[in-house]
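Read off the chains here:
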Amino acid sequence: MSRATDDFDGITSAFLGGGSNISKQSGFVKGSPSSSRHGQPMPTLLIVGNVPTLAGIWIAQYADQHARTSGPVALIRLDGAASRGEVYRAQGRALPTEGGAWMERASVFARSWIVCTDCQSDASAIALSGCSLVLLSGTDETAIAAAKKTIEAVVQAGKVGGAEPCEIVLAFVGSPETSAQAACNSLIAWAAERTISVRLSLGAHSPRVDRVESSGPVPLAMLSSLDVAAALEFIGIAMNGNPDRFSDRERPMARPAIASPQAHMVQAQDPADIAPKVVAPSISAQKPTVSQQDSSTTSNGVVRDYFPEFTALAFNCPDAANVQLASDEFSALHLIQSNTGANGLRISAGWARANWKLLCAACPQLNSSNARIIEHILLDDARDAALLHRTGVLLHARIDVAVMGTVVRRRVDLNSSETA
């Protein structure tokens, strides 16, 4: 897809200083770019084979590491009624929670798209998709045997369908680079020995699971009844269908009108002035905003009642009003979300990183040279923490405690920074 300068990065650089450097950390290495069909960019088709433990964590790892080097990546997982999409490294942008709106919004700024499907999917749909093919696999004996079966099925289906010689990029997980290269070499030798008409190459590897930065999953109901071929066609139209993607000016997301004139720290622009035309997003839309609710029942209330060691801030993220902001004596920023909301915590964290200098200007107690952001989830039921273990978030539960004959609610910490 186009590599034109993203206007969002330009505004961030102009107002916050510096460029938008994407860290190149160890893990997946960059794979091959997406192919085109009929001159139109197509998504990368990620075929998930036999991988260690849960496939979802390795899929997320692949998408996140690709986004570190190429910019925001839209990942769509084809899984029937559970089909969903999410954006990795969205740079603080908020995403709609309705499927159609999500795809339209993602088409504006996503630099590449990855569609994920199981190796049991129709081999013909994979071979004739016109997409770049990436096979995600482990390096153990069972995984390599499964990879051979998948490669052979895809190549044979492509031959029957009259497709050009197949090219598959291999992405190995759960092993060091030496093991990944050895597995790739063994598959290349196997294909040559069997005279299988396929070009194999090592495009990526990941020895471990690292923390990822995702906007959170959004259900894509429109894909639930489609097979792989129809879903890829639909996604191709969606990702290329927005005429303003990568234009000089990115369209701002529509925001609900604010009734109170004190709701914004800066004066909002009249919606009537911007409706007929496309304009660059105003930096005022990203500045901290005061919550529309009484602070005594939101930030101050939660922080005062359950986190008295912190100091509540008088504003929050404009796209995640349910996440409270606070600081501590060590100049760190704490994000506190009550219960397990879908995207609020991740959206707020991305927004805080994108606007760190503005936050430090408004809150001198924060460390402007080191953006330390700590995420918390406060649960009503401690059992809900089971699925959140080792996600990098500090987990707490509200419990009832009898004090002098009176039952009060108190916080119990369920993990620590070492076990999170």
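### Description of the sheet that holds strand 6 (residues 112-118)
In space, the 8 strands of this open sheet follow the order 9-8-7-3-6-4-5-10, with mixed pairing throughout. Looking along the sheet, the strands with just one partner apiece sit at the ends: strand 9 (198-206) and strand 10 (218-219). Along the sheet face, helix 2 (residues 55-70) touches strand 3 (44-48), strand 4 (73-77), strand 5 (84-88), strand 6, strand 7 (132-137), strand 8 (166-173) and strand 9 and points at about 160° away from the line of strand 4. Its contacts with the sheet place helix 7 (residues 228-240) against strand 3, strand 4 and strand 6, and it is angled at close to 170° to strand 6.

### Here's the deal with the pairing of strand 15 (residues 394-403)
Where strand 14 (residues 373-379) meets strand 15, 4 bridges bridge the pair, whose relative direction is parallel. Bridge assignment links leucine 378 to a residue of strand 15, and that residue is histidine 396. In this structure, strand 15 lies alongside strand 16 (residues 406-413), joined through 8 bridges in antiparallel fashion. Counterpart to alanine 402 in the pairing with strand 16 is valine 407. Following strand 15, the chain reverses through 2 residues before pairing antiparallel with strand 16; methionine 404 in that reversal takes a positive phi of roughly 55°.

### Brief notes about a nonpolar patch on the surface
Nonpolar side chains collect at one region of the surface, where Leu54, Ile57 and Val209 lie side by side and expose about 270 Å² of accessible area between them. Looking at the element boundaries, valine 209 is found in the loop between strand 9 and strand 10. For valine 209, a relative accessible area of 42% puts it in the partly exposed group.

### Concerning the packing of aromatic side chains
Two numbers describe a pair of aromatic rings. These are the distance of the centres and the angle of the planes. Scanning all chains against the criterion turns up 2 aromatic pairs. Considering the side-chain rings of tryptophan 102 and tryptophan 113, the 6.2 Å spacing of their centres and the 75° angle between planes classify their relative orientation as edge-to-face. Separated by 11 residues along the polypeptide, tryptophan 102 in helix 3 (residues 99-109) and tryptophan 113 in strand 6 bring together distant segments of the chain. For the pair shown, tryptophan 102 and tryptophan 113 are each scored as buried. Aromatic side chains phenylalanine 307 and phenylalanine 310 sit 5.7 Å apart centroid to centroid with 5° between the ring planes, which places their arrangement in the stacked category. Taking NZ or CZ as reference, arginine 93 lies 4.2 Å from the ring centre of phenylalanine 109, over its face. Over the ring of tyrosine 306 we find arginine 398; its NZ or CZ atom is 5.0 Å from the centre of that ring.

### Some thoughts on the packing of helix 5 (residues 141-160) against helix 6 (residues 177-193)
Here helix 5 crosses helix 6 at 45°, and the two axes come no closer than 11 Å. Here helix 5 is positioned oblique relative to helix 6, judged by the angle of their axes. Every pair of crossing elements has a handedness; the one defined by helix 5 and helix 6 is right-handed. In this structure, helix 5 uses Ile144, Ala147, Lys148, Ile151 and Glu152 to contact helix 6, whose residues at the interface are Ala183, Leu187 and Trp190. Of the residues assigned to the contact of helix 5 with helix 6, the class counts are 6 nonpolar, no polar and 2 charged.

### Some thoughts on the confidence of the model for the chain
When pLDDT is averaged across the chain, the result is 77; 75% of the residues are at 70 or more. This model gives residues 1-27 a pLDDT under 50, and the stretch forms 58 contacts once residues within four places in sequence are excluded. Confidence drops under pLDDT 50 across residues 29-38; counting only partners more than four residues distant or on other chains, this segment forms 27 contacts.

### Let's talk about the pairing of strand 14
Counted residue by residue, strand 14 has 6 buried out of 7 residues, so it is predominantly covered. Across 6 bridges, the pairing between strand 13 (residues 333-338) and strand 14 is parallel. Looking at strand 14, one finds that isoleucine 336 is bridged to histidine 376.

### Overview of the sheet that holds strand 15
Strands sit in the order 11-12-13-14-15-16 across an open sheet of 6 strands; the sheet is mixed. The sheet terminates laterally at strand 11 (311-312) and strand 16, the two strands that pair on one side only. Of the strands in this sheet, strand 12 (323-327), strand 13 and strand 14 are in contact with helix 10 (residues 344-354), which crosses strand 14 at around 160°.

### Thoughts on the nonpolar core
If you look at the biggest cluster of nonpolar residues, it comprises 52 residues, and the most contacted ones within it are Ile76, Trp102, Trp113, Ile151, Ile168, Leu187 and Val198. Other than its neighbours up to four places away in sequence, valine 198 contacts Ile151, Val155, Cys166, Ile168 and Ala191. By size, the runner-up hydrophobic cluster in this structure holds 26 residues, among which are Leu333, Leu345, Ala352 and Leu379.

### Here's the deal with the side chain of serine 214
Its location among the elements puts serine 214 in the loop between strand 9 and strand 10. Among the residues examined, serine 214 registers a relative accessible area of 14% and is labelled buried. A polar contact of 3.0 Å, which involves the side chain of serine 214, links it to the backbone nitrogen of glycine 216. Beyond its immediate chain neighbours, meaning those up to four positions away, serine 214 contacts Glu86, Val87, Tyr88 and Arg346.

Rules used in this analysis
Residues numbered from 1 in each chain as written. Predicted model: local features only at pLDDT ≥ 70, side-chain atom pairs only at ≥ 80, totals over all residues. Heavy atoms only, no water. Pairing = 2+ DSSP bridges. Helix = DSSP H or I, 4+ residues; strand = E, 2+ residues; numbered from the N terminus. Contact = heavy atoms within 4.5 Å. Axes fitted to C-alpha atoms, helices over the stretch in contact; angles between N-to-C directions. Patch = residues over 30% accessible without salt bridge, like charges linked within 9 Å, V, L, I, M, F, W, Y side chains within 5 Å. Areas by Shrake-Rupley, 256 points an atom, 1.4 Å probe, with all protein chains shown as cover. Salt bridge = Lys/Arg side-chain N within 4 Å of Asp/Glu carboxyl O. Buried < 20%, exposed > 50% of the residue type's maximum accessible area, 1.4 Å probe, protein only. Phe/Tyr/Trp six-rings, centres within 6.5 Å; stacked < 30°, edge-to-face > 60°. Lys NZ or Arg CZ within 6 Å of the ring centre and 35° of its normal. Parallel < 35°, antiparallel > 145°, perpendicular 65-115°, else oblique. Left-handed = near helix turned anticlockwise from the far one by under 90°. Nonpolar A, V, L, I, M, F, W, Y, C, P; charged D, E, K, R; others polar. pLDDT = per-residue confidence, 0-100. Core = buried A, V, L, I, M, F, W, Y, C linked by side-chain atoms within 4.5 Å. Polar contact = N/O pair within 3.5 Å; in protein donor to acceptor, adjacent residues only side chain to side chain.

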